[in-house]
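Fold and contact review
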Amino acid sequence: MSATTLLSGRGLRKSFPVRRGVLMLVRGQLKALHSFDFDIRAGETLGVVGESGCGKTTLGRVLARIHEGEGSLEYTGRDGQRYDALGKLDPKRELAFRRDVQMVFQDPYSSLDPRMTVEKILLEPLEAHGMAKDKAAAKAYLCELLARVGLHADALQRYPHEFSGGQRQRIAVARALALKPRLIICDEPTSALDVSVQSQVINLLKEIQEREGLAYIFISHNLDLVRYVSDRIYVMYLGRVVEAGESELLFSDPAHPYTQALLRSIPNWDPQARSLLNAELRGEAPSPLWDPPGCPFEPRCPKAAARCRSEAPAQRDVRGRLVACHFA
Amino acid sequence: MKRDRRLTSFLKHKLGRVGLVCLAVLYFGAIFADFIAPYGMKDSNELAAYAAPTTLHWIHEGRFIGPFVYAKRQSRNPDTFRLEYREDESVAYPLRFFVKGSPYKLFGLINVDIHLFGLGDAKLIIEADEGSGEEARTHAVPLNIWGGDQFGRDVFSRILHGSRVSLSAGLIGTALSVVIGAIVGAISGYFGGVLDTLIQRFIEILRSFPRIPLWLALAVIIPPTWPSTYLYFGIVIVLSFIGWMGVARVVRGMALSLREKEYVLAAKSAGVKPFKIIRAHIIPNVASYLIVVSTLSVPGMILGESTISFLGLGIKEPMTSWGLLLKQAQSISAIQSYPWLMLPGLFIMIAVLSFNFVGDAFRDALDPNGTVEKLEA
Amino acid sequence: MATLLELKDSRTHFCTFDGIVKASDGVSFHIDEGEVLALVGESGSGKSVTARSIMGLYSGSKIRQSGSIVFKGEDLSKANPQRRRELRGRDMGMIFQEPMSAFDPLSSISEQMVEARLTHFKESREEARALAIESLRQVGIPEPEKRIDDYPHRLSGGMLQRVLISIAIMNKPKLLIADEPTTALDVTIQAQVLRLLNGLRKEMGASLLFITHDLGVVAEIADRVHVMYAGKIVEKASVRALFSSALHPYSKGLLDARVTGERKGKPLPAIPGSVPRPSEIAEDCCRFAPRCPHAGPRCLREEPPLAAAPAAGGPRNDEGRELACWLYNGGTE
Ligand SMILES: Nc1ncnc2c1ncn2[C@@H]1O[C@H](COP(=O)(O)OP(=O)(O)OP(=O)(O)O)[C@@H](O)[C@H]1O
Ligand SMILES: Nc1ncnc2c1ncn2[C@@H]1O[C@H](COP(=O)(O)OP(=O)(O)OP(=O)(O)O)[C@@H](O)[C@H]1O
Ligand SMILES: [Mg+2]
Ligand SMILES: [Mg+2]
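Residues numbered from 1 in each chain as written. Chains lettered and ligands numbered in written order. Predicted model: local features only at pLDDT ≥ 70, side-chain atom pairs only at ≥ 80, totals over all residues. Heavy atoms only, no water.

**As for the interface of chain B and chain A**
What counts is decided by this rule: Only heavy atoms matter for contacts: two residues are in contact if any of them lie within 4.5 Å across the pair. Reported buried area values correspond to the accessible surface (1.4 Å probe) lost by two parts on association, with both partners' losses combined. Definition used for salt bridges: Asp or Glu carboxyl oxygen within 4 Å of a side-chain nitrogen of Lys or Arg. In the analysis that follows, any N or O atom pair within 3.5 Å is treated as a polar contact, provided that within protein one partner can donate a hydrogen and the other can accept it, and provided that, for residues neighboring in sequence, both atoms belong to side chains. Only DSSP runs of H or I covering at least 4 residues are called helices, and only runs of E covering at least 2 are called strands; the numbering of each starts at the N terminus. Side-chain classes are defined by residue name, with Ala, Val, Leu, Ile, Met, Phe, Trp, Tyr, Cys and Pro counting as nonpolar, Asp, Glu, Lys and Arg as charged, and the others, Gly among them, as polar.
Across the contact, 19 residues belong to chain B and 25 residues belong to chain A. Buried area between chain B and chain A, summed over both chains or domains, comes out near 1900 Å², and the portion from carbon and sulfur atoms is 52%. Three residues stand out in chain B for area buried against chain A, namely Glu-262, Tyr-263 and Ser-269 of chain B, and they jointly supply 32% of the buried area on that side. Counting every contact that joins chain B to chain A gives 2 salt bridges. In this structure, the salt-bridge partner of Glu-127 of chain A is Lys-276 of chain B, at a minimum N-O distance of 3.3 Å. At the junction of chain B with chain A, the criterion picks out 11 residue pairs in polar contact (both at pLDDT 80 or more). Broken down by secondary-structure element, the contributors of at least two residues to the side of chain B that touches chain A are helix H1 (2–12), helix H8 (262–269) and helix H9 (274–310) of chain B. Residues of the side of chain B that touches chain A, tallied by class, amount to 8 nonpolar, 5 polar and 6 charged.

**Overview of the site of ligand 1**
Residues and elements named next belong to chain A. Counted only if it meets this: A molecule or strand has a residue near it when one of that residue's heavy atoms lies within 4 Å. Residue exposure ignores everything except the shown protein chains as possible cover, and the areas themselves are Shrake-Rupley values with a 1.4 Å probe.
Residues in close proximity to ligand 1 total 13 residues, the closest being Gly-53, Gly-55, Lys-56, Thr-57 and Thr-58. Take Cys-54: an N or O atom from its main chain is 3.3 Å from an oxygen atom of ligand 1. In this structure, an oxygen atom belonging to ligand 1 sits 3.5 Å away from a side-chain N or O atom of Glu-188. Contact with the protein chains removes 66% of the 640 Å² of surface that ligand 1 exposes when unbound. Only strand S2 (25–41) and helix H1 (56–63) provide two or more residues apiece to the shell around ligand 1. Broken down by element, the shell around ligand 1 gets its largest block of residues, 3 residues, from H1. Looking at the shell around ligand 1, its residues break down into 5 nonpolar, 5 polar and 3 charged.

**A few points about the environment of Pro-299 of chain B**
All names here are of chain B. Along the chain, the position of Pro-299 falls in helix H9. Between the alpha carbons of Pro-299 and Val-251 there is a distance of 19 Å; along the sequence they are 48 residues apart. Residue contacts for Pro-299: discarding those within four places in its chain leaves Val-352, Phe-355 and Asn-356.

Here you go:
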């Protein structure tokens, strides 16, 4: 792909203060995101996988400027100008960035305001960007939006609770599309949905991408799903990237012991094989408060050695992908 | 569907229903006070000073003639030197409905002088004491179904007139404090940070003062020379000055959790301005809690107004309120000899309990998880 | 093998503000001793309600139950509440989806385990505690002597799920009911828990009723599978039969909806529409008909009974396969 780089992060970090006790004093920092590097090109899908609490949502929110992160996040605007999108932006750029980068959240039951009609929900971003001045045109545009996500125009006057989970997620996708963004961050867009409905939403997202050339950052803990939708994948563990590369490469030949263990833990839908009951990964995911000097995966790693405990592995190129492991 | 469920749940609450009926009666009485009360706010009758409740009779000289009263004759008991009343059974004064009485303005607009019931212009002649040299006088016959006060004013009428101030001060005060509280609370919770800390500390400091002295201190600021309507609004403002803080704390708590909701994040990431988010997402989503909070804080307001007026810093004569009426029942001896002067207290109690019951029913219906705690004022 | 549990036309209906919710509406199945039966279906299909009605957790005027639940030859639907309590936790153990909410946050794990033991057995607290520690060791909790005095919030989700399992197996029940025990867990932890459950039930010779919506998990652990949709069982089959050839259009749809890398670049097969809400479930017709690609006029007219599948429909070795679909029972016309 020779498309322009849309967004590129270097050393992205985010920590949350940990408050404890009666006085709720700050007792430490929870590093949800440790020095995350990535690039995403226009029209590409980038997958982010990892287990619960590894910082996937935090990453998505830092990118969408919901959380304030540290590091650098270079964004190339529509006019080709590059600027750092972290921290304070001048109002014009801020608005342009908010327009270009949208988010689809995990839970379609809490991402739509229960007291607003679908029309109000969809109008909100348009109004914020002064694009709803002409009422009739705006309404026509909303109907078109709904049609694009496979809903009928009479949905406009209804409230979110009148829709099923899958339909709500379609509304959420319509809201994200309203401003004609260039990048949509999808944070587990199907994990609250039924299996039979999940495919509908994934197909819709893919279809829209083909038609409109959007880029996606697709966050999920479902490895099969990430493999299906993504061109490239970042595997996260405890706020760090442990392996990153082309998705087929990662799945056919995982290099990091954690990626290997993850792949072995996926049920393989074959009652004859029952492979899960034989192979498994030891131990529990560590507390997110734990900040080891060495490799965070060391306590669970079958290949761990003394060096892993004292020295954090740097990312290096192994067989065409980046891996953070001394022994890969 | 949703509305229905809440309504059903509300109606299921027995005490809530009782409370609602009581409030309906009280507010009906307050709205039509001028019409229902046989006497105007300022009317007095010297024959009614400390008069015991007038008894209603039906049978006069063995014949049924409908409701009527006998006039009372005052005399001083030679042993105790107290005023005593004795019914004079010679003349029956029939109770009449829709009678002419002192004029008033219906809804503050139309001049009317019809009252629901009364004795009309029934007069009796009081002969002068023998040898005093005075002439006989004619006098209106007093009708005091709940007795008369020190100045011969009808307690029943005064309670009705007083309910206007007491009940409306509760409502207006609450409305004011809920509006202020919701705005401050939503801003404090949504923005968080230094602003939130400052607002919270301010509230904590103010709330750590004992309530009654604070009310009194604030009430003293109101110039006593103000006309009574100004005074009234002054009292309401004093009450809501303290009341908003409770509301603000509840709303802040909810705003704190609402701002993490994904629909708020979605609005934020679409570039919607903070105040628009507060108006469009935060306030509508706390609205049902605000209803609960408001109903539960009305009793505090009613008590507050009563307390201030009772202590003489609030509503001034001739305007009246339940708290001010109770002032006459301050001494044990007054309570012993004229127990009907305590009746305004009973009304305060009924109003406060009713609001609490209705508030509880609202809470059960709208806030099943009990997010809203009972507010003191 | 002897039958341990048999449900016959078991129904659980809830009276709510929106009308009667027929959460489990005529469910019949049996579990043999030592067997793993999986109940699969999407959310709202009535899996949890069925499980809880077996445990006897429903009572009250808002809930109507009918049908019979025969456990070890005893009809539980006729048993009194005290008898149900006796069986619960002793002869039947249950594991819930959300491990955190199954614990009392204010008492330590040891208190909760000892309590669970002493409700059913007359023994000293020391004996009960020793047994609890043993039971924790069995589920692979490191240093159980120390861990047992922790409070639930100190343990991670995977650990808590293990503790929950250890409580469920402590009294050596004959039947273990696991209601989505791995849904809230990460894949690596899910693998551990599945392995643990499988090992334990083999060791104890207990039967396992495994409830899930994840067919991948079913393939790993179950002997037989029942597929539920909108309160009814639509297909019963052995695991192998289901995965080699699902017959009911709904089961087929679920299996097809699997996301795999091989499908990349092609759209995923999807079942149109969505799971009906309780108030929208159509009666006197096939409940899946509105979403079914094969639905014919009969499907909208008459409810298909759960009947043995004709031999021609499935592989020969498939005994006990049953289907509720007109496609295999005389046509949809
Ligand atoms: N606002 C916050 N304040 C404090 N800690 C937070 C906050 N948001 C997230 N965290 C912590 O940061 C860590 C990473 O959280 P994050 O939500 O990014 O994980 P995740 O990978 O999205 O997990 P999941 O799969 O469960 O959604 C967690 O330990 C979480 O507890
Ligand atoms: N106590 C209750 N009162 C009213 N309705 C109920 C009650 N419990 C469950 N239901 C309804 O019964 C239906 C079946 O619920 P159940 O919990 O058995 O679904 P499930 O198959 O376990 O789904 P999930 O995968 O979401 O756990 C649902 O529509 C649910 O709303
Ligand atoms: Mg997340
Ligand atoms: Mg369930």
